[in-house]
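So you can see what is in the structure, the chains are spelled out below.
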Amino acid sequence: MRICQLPPCGRWTTGKWSECSVTCGTGIQSRRVMCLSNERNPSDERCDLNSKPRKERGCHLRFCPNSSSSQEIGQNSVENRSEYYWRTGLWGKCSKSCGGGVRRRQVACYDDLGKHSQKCDMEKKPADTSQCNLENCPYWILGEWSQCSSTCGKGIQTRLVQCIDYKKTSLTKDRCTLPMPETTKQCKNFSMYTLGLDSMVAVFYKLWCWYSNTISCVSPRPEISPRQRM
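Worth saying up front: this structure is predicted, and the values here are computed from it rather than measured.

Undergrad: Describe the overall build of the protein, with residues and values.
TA: Broken down by element type, the protein carries 3 helices and 13 strands. By residue count, 20% of the 230 residues in the protein fall in the buried class. When contacts within the protein are restricted to residue pairs at least 6 apart in sequence, those whose partners lie at least 24 apart make up 54%. If you sum the accessible surface of the protein, you get close to 18800 Å²; carbon and sulfur atoms cover 51% of it.

Right under this line is the structure:
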């Protein structure tokens, strides 16, 4: 065991949202986002960039009337001149952790008064579903079976079984969802010493028939007299 020195970890901190950049219509709000760490000169590299909060967001205020017109805007005029826009919520959790899932968010239409409306341009409606976690799920890779542990009789064979991800990185066994394949199995090896006397005689008889190529070798095994067995 040895001690290793790693860079200090940081965390994101955010300020308050500024006022909307406009007094009516659609504008932008901004805020300060910093990475805090133990270093004197904080840097964004010390924090997780994937989880960095956003610095800006849209803001929507009431409809801006025409300043050159002194006519009072009635309800009908507001409807004719109002700006309708889409609002989107945050993406929900992905339906799968890997292998391709779907996430959803709320998308709604509002008018300049902040009320729900049905007059937004449907062709410009943002997507309310999106694919997510498209990488392959962790899976098992299998090594070759070893030779039987015994040269005669029963033995055991083993092989390496690993769980890896789509980057070929080795993972713990619990990360693979499918059942783990077997890593050991029984095996059998037979030699002439493990065969019975009758089996040995039958083997030698077949070899002799093959060598002599005689027609008399029609029986699967020769008749062995009791005297020969002794």
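Undergrad: Summarise the state of the cysteines; cite the residues concerned and give the values.
TA: Under the definition given, this model contains 6 disulfides. Cys 94 shares a disulfide with Cys 132; S-S distance 1.9 Å. Here Cys 94 and Cys 132 share a disulfide; its torsion about the S-S bond, 90°, makes the bridge right-handed. Pair noted here: Cys 94 is in the loop between strand E5 (85–88) and strand E6 (101–104) and Cys 132 is in strand E8 (residues 129–132), with a separation of 38 residues, a long-range link. With respect to class, Cys 94 is no different from Cys 132; both count as buried. Across a sulfur-sulfur distance of 2.0 Å, Cys 98 and Cys 137 are joined as a disulfide pair. Looking along the S-S bond of the Cys 98-Cys 137 disulfide, the torsion reads about 100°, which is the right-handed sense. Here Cys 98 is found in the loop between E5 and E6, whereas its partner Cys 137 is found in the loop between E8 and strand E9 (139–142), with 39 residues between them in sequence. Classification of Cys 137 as partly exposed rests on a relative accessible area of 30%.

Undergrad: So what's going on with the packing of aromatic side chains? Which residues, and what values?
TA: By the definition in use, this model includes 1 aromatic pair. For the ring pair Tyr 85 and Tyr 110, a centre distance of 6.5 Å and an interplane angle of 20° mean the geometry is stacked. Of the two residues, Tyr 85 is situated in strand E5 and Tyr 110 in strand E7 (residues 107–110); the sequence distance between them amounts to 25 residues. When its relative accessible area of 9% is taken as the criterion, Tyr 85 is described as buried. Geometry around Tyr 110 places Arg 87 over its ring, the cationic atom sitting 4.2 Å from the centre.

Undergrad: Describe the confidence of the model for the protein, and please don't skip the residues or the numbers.
TA: When pLDDT drops low, the exact placement of atoms in the prediction is not to be read closely. Residues at a pLDDT of 70 or more form 67% of the protein, whose mean pLDDT is 75. In the model, residues 66–82 has pLDDT below 50 throughout and makes 9 contacts with residues more than four positions away in sequence or in other chains.

Undergrad: Could you give an account of the side chain of Gln 29, with specific residues and numbers?
TA: Take Gln 29: it is sitting in strand E2 (residues 26–30). Taking relative accessible area as the criterion, Gln 29 reaches 15% and is therefore assigned buried. With near-sequence residues (within four places) excluded, Gln 29 lies in contact with Trp 17, Ser 18, Glu 19, Cys 20, Lys 55, Glu 56, Arg 57, Gly 58 and Cys 59.

Undergrad: Lay out the sheet that holds strand E11 (residues 161–164) with the relevant residues and their values.
TA: As a general point, the strands of a sheet are linked pairwise by backbone hydrogen bonds and lie either parallel or antiparallel. One open sheet holds the 3 strands; their spatial order is E9-E11-E12, and the pairing between them is antiparallel. Strand pairing shows two members of the sheet lacking a second neighbour, E9 and strand E12 (170–171), which therefore form its edges. Where E11 lies against E12, 2 bridges are found, and the strand directions are antiparallel. Looking at E12, one finds that Ile 164 is bridged to Ser 170.

Rules used in this analysis
Residues numbered from 1 in each chain as written. Predicted model: local features only at pLDDT ≥ 70, side-chain atom pairs only at ≥ 80, totals over all residues. Heavy atoms only, no water. Helix = DSSP H or I, 4+ residues; strand = E, 2+ residues; numbered from the N terminus. Buried < 20%, exposed > 50% of the residue type's maximum accessible area, 1.4 Å probe, protein only. Contact = heavy atoms within 4.5 Å. Areas by Shrake-Rupley, 256 points an atom, 1.4 Å probe, with all protein chains shown as cover. Disulfide = S-S within 2.5 Å. Phe/Tyr/Trp six-rings, centres within 6.5 Å; stacked < 30°, edge-to-face > 60°. Lys NZ or Arg CZ within 6 Å of the ring centre and 35° of its normal. pLDDT = per-residue confidence, 0-100. Pairing = 2+ DSSP bridges.

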